[in-house]
Amino acid sequence: MASALVLAACGGNKDNAADTAAAAPAATDAAAPAPATDAAASTATAQPATGKTHTVNMVGDEKGYRFEPANLTIAAGDAVDFIMVSGGPHNVAFDQAAIPAAGAAQLTANIPNAAAPLTSQMMLNPNEKVTISFAGVAPGTYNYNCTPHLAMGMKGVITVQ
């Protein structure tokens, strides 16, 4: 809203009141209810892994930025250790639009110290890791990326069977 007022003050024509009024509804949009997955995420409880733990390395070097392996198939109940190897900072951010809706709330609950829904905290130092449990997560394909290096193609896919 403040930016709308600044823009209106700088405009210099008599339509400023209309511009300010037109910009005002955008401020109320920010207070709109959160998507259902965000609300559901707050009610889900983290579930510990009950199966095997897999490792995915997060790498940035002369060959580029990548997850190793980029594609992983796991069983329901398994966990994945995402380990920051080089080229940080790195994180793990699941693409809400490209994962099973039934898995979003539980997956968010299973990300320790999540920075945002479906997103881990940033890892800055070699050997830092986040372990994400896939216990209670619906079977399907879970696309994810590293937010800082998405434009450089740092993406991966976890298939939960």
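Structure: above.
Residues numbered from 1 in each chain as written. Predicted model: local features only at pLDDT ≥ 70, side-chain atom pairs only at ≥ 80, totals over all residues. Heavy atoms only, no water.

## Some remarks on the packing of aromatic side chains
Moving on, step 1. Overall, the coordinates contain six aromatic pairs when judged by the stated rule.
Moving on, step 2. Between Phe 67 and Tyr 144 the ring centres are 4.7 Å apart and the planes differ by 70°, which places this aromatic pair in the edge-to-face class. One end of the pair, Phe 67, is in strand S2 (residues 64-68); the other, Tyr 144, is in strand S7 (residues 140-145), and 77 residues separate them in sequence. Judged on exposure class, the residue Phe 67 and its partner Tyr 144 are both buried.
Moving on, step 3. On the numbers, 6.1 Å between centres and 75° between planes, the contact of Phe 134 with Tyr 142 is edge-to-face.
Moving on, step 4. Taking relative accessible area as the criterion, Phe 134 reaches 0% and is therefore assigned buried.
Moving on, step 5. By relative accessible area, which is 0% here, Tyr 142 ends up buried.
Moving on, step 6. Among the aromatic residues, those joined into a ring-pair cluster are Phe 67, Phe 82, Phe 94, Phe 134, Tyr 142 and Tyr 144. (Phe/Tyr/Trp six-rings, centres within 6.5 Å; stacked < 30°, edge-to-face > 60°. Helix = DSSP H or I, 4+ residues; strand = E, 2+ residues; numbered from the N terminus. Buried < 20%, exposed > 50% of the residue type's maximum accessible area, 1.4 Å probe, protein only.)

## A closer look at the nonpolar core
Moving on, step 1. With 27 residues, the main nonpolar core has Phe 82, Phe 94, Leu 107, Ile 132, Phe 134, Tyr 142 and Ile 158 as its most contacted residues.
Moving on, step 2. If you list the elements that add at least two residues to this core, you get strand S1 (53-61), strand S3 (71-74), strand S4 (79-84), helix H4 (101-110), strand S6 (129-133), S7 and strand S8 (155-160).
Moving on, step 3. No other element matches S4, which puts three residues into this core.
Moving on, step 4. Leaving out residues up to four positions away in the same chain, Ile 132 has contacts with Asp 78, Ala 79, Val 80, Phe 82, Val 92, Phe 94, Leu 107, Asn 110 and Ile 111. (Core = buried A, V, L, I, M, F, W, Y, C linked by side-chain atoms within 4.5 Å. Contact = heavy atoms within 4.5 Å.)

## A short note on unusual backbone geometry
Moving on, step 1. In this chain, Glu 68 is followed by Pro 69 through a cis amide linkage whose omega measures -5°.
Moving on, step 2. Within the element layout of this structure, Pro 69 appears in the loop between S2 and S3.
Moving on, step 3. With an omega of 5°, the peptide bond between Gly 88 and Pro 89 qualifies as cis.
Moving on, step 4. Relative to the helices and strands, Pro 89 resides in the loop between S4 and strand S5 (93-94).
Moving on, step 5. Not every positive phi belongs to a glycine, and Leu 118 is a case in point at roughly 65°.

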